[in-house]
Every structure is written in C-alpha cells, then in structure tokens.
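Residue-level structural notes
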Amino acid sequence: MAGVLVYSANQGLALELITAARKIEDFVVAVSLNDDSLAQALAAAGVRTFKISNPNLVVGDTGAAAAAIKQVLDKENIDTVLLSSDRRGKELAGRLAQAIGAGCLTDVTAIQVDGSKIECQRNALGGATIAVQYIEGPKVMALRPRSYEAAGAGNGSIEELAAEIKDTGIKVIDFKPKAADRVNIEAAEILVAVGQGLSDEEKLADVQALASKLGGEVACSKPVATDKKWLSEERVIGLSGKKCKPQLALLLGISGQVQFTVGIRDARVIAAVNTDENAAINYMADYIIQADLHDVIEELNEKL
Amino acid sequence: MNIVVAMKQIPDLQQIRIRNRKPVLDGVPSALGVIDKNALEAAVLLKEKQGGKVIVLSAGNEEVEETVKEALAAGADEAFLVLDDDLEGADGSTKAMVLAEAINKIEDVGLILFGEGSGDNYSGQVGSRVAELLGMPQAAYASSIEINDSSAVITRSLEDGDEILEVSLPVVVSVLGDINEPRIPSVTQILKAGRKPKEVLELEDLEINLTGLPEIMTVSNLAPETDRKQVKVASVEELLQALRTEGVI
Ligand SMILES: Cc1cc2nc3c(=O)[nH]c(=O)nc-3n(C[C@H](O)[C@H](O)[C@H](O)COP(=O)(O)OP(=O)(O)OC[C@H]3O[C@@H](n4cnc5c(N)ncnc54)[C@H](O)[C@@H]3O)c2cc1C
C-alpha cells in the first residue's frame, strides 16, 4: 500500500474521509475537481491535494470524475480509495472501481485495520445483518456520512494537475435545490417517528407538537417521505435514510421492516404504537402499546 | 430502440429468519429486487410511448429462469439470461462483466436500467460498473426519464436538490424506488409469461475472463444482538410511567 486517496464533492464529507484515511495510512492525498474552495479546505486539513481543473469535468458526469481520479491514482501509484457514500459518491464508487480494476464496498459505517486488511462494516440482507468484509486487491470504499469526525487543521499543499478528460456531451440543464431541511435526526436524543399508519398529512402538526413537548425531532419511515412526500428525506430512518441512536424512539404506525429497523436498533429505549399486535416492530421494542396512534398522540399531548 | 432492464434475483428478505444471530437462508424463496421492479415499470412505460422492446436481463443460478417470469408477466417482452451456479452470490465486479458482455449481444440498446440498489445488498455499484465497462454515460437516482430521439433528459434526486441532465443515448440509468408504482400482472399475463422469448446462455458462452478479479472476503455476517424488553403496556399512562422510570422523558 502506498497511501490512500480521498475524494468527495461534498467538503464536509471529504474532511471526514481524511480522518478515516489516517486510520489506514499516514500518507493521504486528496483530489478536488473544478473546485477551488474544496482544494483549499483539503489542504488546510493537512493533506496533499491535487487540484484538477478541466472544462470537460461537468458536475454530474460520473465517468469524467472517475477518469480524473484514476489519473491521480496512476501517477501516485495508489490503489486504496475512500469516497463518501452520499448519492454522488456511491454512484462514483462503482465506476471508479471498475476503471481501476478494484473491488468496491459502499455504505460502509466503520473501518478497522487488521494488518494489511481494511475490514469494513456494512449492512447486509436489507439490514438484517451486519457484515464485516474486506477487499483483496485494489479497493474503493464509500463511507456513510458522519461515520467519522471531520479532520482538524494541518499543513497541506495544493498541486495543480492537468488531466485528460473526454467530452461526453453530458449537460446539466438545471439544478433545483431542495427546500433545506436542516434537521439532524442522527443527533437527536428523542425521536418521534411516524409511518404509514398516520392517516393524513394534517395530523403531522400533532406529531410535531408531541416531539416539541418531548424536546425531540420528528422522523419517519421511508414511504412517508418518498411516496407521500409529507416530510423531507432528511427525516427518514433506515437503510437508505439515517442511522440514529436516540435515548428514546417513539415509533408510531411503523410496521418494522428490516430496512427501517436497521436505522433505529441502536436506540436506548424503543416504544412502539401499532394497531397490529403482531407487527414486526413489536419484537424490536421495549414498550409496546396496541392502540390507534392518533388516540395515543392526542392523549400524550394532553398529559405532557 | 430497445430498453434493457437488469434485474437481480435475491432471497425474499421477509422470509429470512435469524437463528443464533446467523441468517438462515435455506428454503427461503427467491424474488426479484423490489426497486428492480420500478426499473422494469419505467422501461415498460417508456416503451408504451415510443415502441421498441423491453428486455429483462439477469445473471444468476438456474432458479432465475423461474424467478424472471414475474418480469415477463409485468411487461418485459423478452428475457436474456446468463445462468450458472458459479454466479450465485457472485460479487459486483463479476456480475458487471457478465451483464456488460450480455448487453453487447443485444441489438439496438438505447437505455439500460437498474434499480438504485439491489434489495439484499443495496450496494448500488453494478450499474456504475456496467456503464464504465461499456464506456457509456450514466445517471443514478433517477426520479424521471424522458427520451427524445437520440438523447435522454433525466432528473436525478440528490440529497440537496434535483439535478436535471441531458445525456446522449445509449445511457445507463438507475431509478429510485419512488419513480413509479409497478403494475401487478393479471392472471392471463402470468400464464402467458412462460411463452415469451428467452435467450439463455451459460458463462462459457461469453467471451470474458473472470479470473484475477479483486475479491470481497467476508469475515462475519451476523445479526446485531438485540435484547429488547418487549413489555406490553395497556394505557398511555402506563407508557409514560415506564418511560419516566427509564429516565428518557
Ligand atoms: C432497498 C430498500 C431500502 C429501503 N430503505 C428504507 C429506509 O431507509 N427506511 C424505511 O423506513 N424503509 C425503507 N425501505 C422500505 C421498507 O421495506 C418498508 O416498506 C417501509 O419501512 C414501510 O414503512 P411503514 O412501516 O411506515 O409502512 P407499512 O409497512 O405500511 O406499515 C404501517 C404500519 O402502521 C400500522 N398502522 C396502521 N394504521 C394504524 C393506526 N391507526 N394506528 C397505529 N398503527 C397503525 C400498521 O399495522 C402497520 O404496521 C426500503 C426498502 C428497500 C427495498
């Protein structure tokens, strides 16, 4: 192994990758693609940074990003890459791995170095199990956001690198920012999470009132955000959402499929409200109340 | 223009039991990945607008031939299968080479669709690998796909916003689970599915060398220890009391 390369288009996540990379090796290099401020932030975190500027490096052209990073890897003779497992990073992971002939693990939640092996923890079987895996040969690993602290200040450097990038004709026609929901359910001590058992969107006000009374945040199962669009995807707990470890999770009308429970199983106390006494969530809960969630919310709001 | 939909056979996750923290896969029936069905539905909707064929592509063990009938019933016109026991549990790099080589054998492919992640592993790398192998542009996490003559306009949903890309065909796209609501095939469609054309190849029919690929080694794969109290409470008052005793409210 001759060092680790880190890359994320997201500055905050790139800094987390530096921390993770230093667990593997002291020699860490980073890349920025058409992004001066990212290059500066990376250098300020103490890593040798390759800054590639090229008009053919269109944001959203994953093939071009992979080609650019490959050129740094070839030049520096590095075969270990850490990427962020956000959507852009995950998409890049497979492409870059294929370009450099590497094995690839995404959605990694922790790494552990054991001799020459980099053991990665990730969810498997939809979240039913946690697999510990390592890659033999060149490797690309994408780390879940917020798995590591951001790297602190250090003394790095910036080198400009000319990379050859083909024009693939990909055009970004538009970018529509999502209304920012700045909530961080991963940091919440108390979560009040609703699932498809919630009858209608108006009832969310009562859920929010309850969360506020408890000093917590509102979270949800995936369909509440992606199908019904009642809440932002920032609030989704689970395999494709957030992994939370609150002191208390109050789960209302959530059936408890494994892709959901994987995101909440580290909670200290779980209370589940469901009309179905055999709901899977009941096996994952400390306290179970078989009742209509709307009644329970109303009563809790009165009593608290 | 034809549309290829890559679909993965996975164990039916609802039926996996955990014993001594180990997943028990014996006797668990196979199913197609849930989000793969959204990819199929997206393909069928596009085809209904502009013609061409929808070809479902799958690589796996022999059971795939049976599993894939569901896709043929739900609107795919043909199946292209690479069946080999060695493909069971094969990792992303192997699967991608097999799929890419199979796609090379299919005529007039304009669009190759994947789900954003497989139901079991959710690693989301095979689509990207196939795009690289075929030297095609790609767009993952699509929430809408429009085809105009020789290009596609794809809206992809990212954490901070929707990015709208224009890409020339052919292109590899992975779709989100909420891009559509997959249709439920009727009984007649299910009965007819078995008669739809199928091309079945074995690994040795493909000109690919699968030796020397990087390998994913598994040290352990265990369910986390859970030790929940599972106490039934009869009233909201009782619940509040319990939570106070726990010191969480
Ligand atoms: C690859 C993949 C990734 C996924 N990732 C995620 C993820 O990150 N997060 C996630 O949540 N899901 C995820 N899913 C989806 C997941 O499989 C489930 O479909 C989802 O979690 C179900 O949401 P739910 O429990 O809210 O809805 P349902 O399964 O419909 O459950 C609703 C529950 O509400 C109860 N109920 C109904 N009415 C009432 C009432 N009046 N009072 C009380 N209870 C009531 C019902 O008994 C039922 O148990 C993923 C799926 C796949 C395939």
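Calculation rules
Residues numbered from 1 in each chain as written. Chains lettered and ligands numbered in written order. Predicted model: local features only at pLDDT ≥ 70, side-chain atom pairs only at ≥ 80, totals over all residues. Heavy atoms only, no water. Helix = DSSP H or I, 4+ residues; strand = E, 2+ residues; numbered from the N terminus. Contact = heavy atoms within 4.5 Å. Areas by Shrake-Rupley, 256 points an atom, 1.4 Å probe, with all protein chains shown as cover. Lys, Arg positive; Asp, Glu negative; His and termini not counted. Charge placed at Lys NZ, Arg CZ, Asp CG, Glu CD. Pairing = 2+ DSSP bridges. Axes fitted to C-alpha atoms, helices over the stretch in contact; angles between N-to-C directions. Buried area = accessible area lost by both parts, 1.4 Å probe. Salt bridge = Lys/Arg side-chain N within 4 Å of Asp/Glu carboxyl O. Nonpolar A, V, L, I, M, F, W, Y, C, P; charged D, E, K, R; others polar. Parallel < 35°, antiparallel > 145°, perpendicular 65-115°, else oblique. Left-handed = near helix turned anticlockwise from the far one by under 90°. Core = buried A, V, L, I, M, F, W, Y, C linked by side-chain atoms within 4.5 Å. Buried < 20%, exposed > 50% of the residue type's maximum accessible area, 1.4 Å probe, protein only. Near = heavy atom within 4 Å. Polar contact = N/O pair within 3.5 Å; in protein donor to acceptor, adjacent residues only side chain to side chain.

With that settled, consider the overall build of chain A. The helix and strand inventory of chain A stands at 8 helices and 16 strands. The principal-axis extent of the C-alpha atoms belonging to chain A is close to 65 × 45 × 35 Å. For chain A, the proportion of contacts with a sequence separation of at least 24, taken over those separated by at least 6, is 61%. As displayed, chain A offers around 11,900 Å² of accessible surface, 45% of which is attributable to carbon and sulfur atoms. Each charge class in chain A was averaged separately, 32 positive and 41 negative side chains, and the resulting centres sit 3 Å apart.

So, on to the sheet that holds strand β14 (residues 248–252) of chain A. Spatially, β13(A)-β12(A)-β14(A)-β15(A)-β16(A)-β15(B) is the arrangement adopted by the 6 strands of the open sheet, whose pairing is parallel. This sheet does not close on itself; its edge strands, each paired only once, are β13 (217–220) of chain A together with β15 (231–232) of chain B. In this structure, β14(A) lies alongside strand β15 (residues 269–274) of chain A, joined through 5 bridges in parallel fashion. For Leu248(A), the partnering residue across the bridge sits in β15(A) and is Val269(A). Across the sheet, helix α5 (residues 204–214) of chain A is in contact with β12 (190–194), β13 and β14 of chain A; its angle to β12(A) comes to roughly 165°. Where helix α7 (residues 236–246) of chain B meets the sheet, its contacts fall on β14, β15 and β16 (287–290) of chain A together with β15 of chain B, and the angle it forms with β16(A) comes to roughly 170°.

With 82 residues of chain A in contact, the opposing surface of chain B contributes 73 residues. Each partner contributes to the roughly 6,700 Å² buried at the junction of chain A and chain B, and carbon and sulfur atoms together form 55% of this total. Taken together, the connections running from chain A to chain B amount to 7 salt bridges. Residue Glu91(A) pairs with Arg156(B) through a salt bridge whose shortest N-O separation is 2.9 Å. Top contributing element to the side of chain A that touches chain B by residue count: helix α4 (residues 87–100) of chain A, with 9 residues. Tallied by class, residues from the side of chain A that touches chain B come to 38 nonpolar, 19 polar and 25 charged. Pairing analysis gives 6 bridges linking strand β11 (residues 171–177) of chain A to strand β11 (residues 161–168) of chain B, with the strands arranged antiparallel. Among the inter-strand pairings, Pro177(A) is bridged to a residue of β11(B), identified as Gly161(B).

Residue and element names in this part refer to chain A. Axis separation between helix α3 (residues 62–76) and α4 bottoms out at 9 Å; the angle between their running directions is 50°. In terms of orientation, α3 and α4 fall into the oblique class. Relative to α4, α3 is oriented so that their crossing is right-handed. Contacts from Thr 62, Gly 63, Ala 65, Ala 66, Ile 69, Lys 70 and Leu 73 of α3 reach α4 at Glu 91, Leu 92, Arg 95, Leu 96, Ala 99 and Ile 100. Looking at the contact of α3 with α4 residue by residue, the classes come out as 8 nonpolar, 2 polar and 3 charged.

As a further point, take the nonpolar core. With 39 residues, the main nonpolar core has Val5(B), Leu40(B), Leu111(B), Leu113(B), Ile145(B) and Ile154(B) as its most contacted residues. Looking at this core element by element, the count peaks at 6 residues for helix α1 (residues 34–50) of chain B. Apart from residues lying up to four places away in sequence, Leu111(B) is in contact with Met1(B), Asn2(B), Ile3(B), Val4(B), Leu46(B), Ile145(B), Ile147(B), Val171(B) and Val173(B). Membership of the second largest hydrophobic core comes to 35 residues, among which are Ala211(A), Ala271(A), Val296(A) and Ile297(A).

Okay, the site of the ligand next. Near the ligand there are 28 residues, and of these Ser221(A), Ser240(A), Ser255(A), Gln259(A) and Asn274(A) occur at the shortest range. Residues within reach of the ligand are spread across chains A and B. Within the backbone of Ile237(A), one N or O atom sits 2.8 Å away from a nitrogen atom of the ligand. In the model, an oxygen atom of the ligand is placed 3.3 Å from a nitrogen or oxygen of the Gln257(A) side chain. Here the ligand has 990 Å² of accessible area as a free molecule, and 83% of this is covered by the chains. In terms of residue class, the shell around the ligand is built from 11 nonpolar, 14 polar and 3 charged.

This next bit is on the pattern of salt bridges. All told, the structure shown has 33 salt bridges over all chains when counted by the stated rule. Put simply, Arg48(A), Lys75(A), Glu76(A) and Glu159(A) are held in one network by salt bridges that share partners.

In this section: the pairing of strand β7 (residues 78–83) of chain B. All names here are of chain B. Most of β7 sits out of view: 5 of its 6 residues are buried. Here 6 bridges tie strand β6 (residues 54–60) to β7, and the two strands are oriented parallel to one another. Paired with Ile 55 across the bridge in β7 is Glu 78. When β7 meets strand β13 (residues 198–201), the two strands line up parallel, connected through 4 bridges. By the bridge assignment, Val 82 is partnered in β13 with Leu 201.

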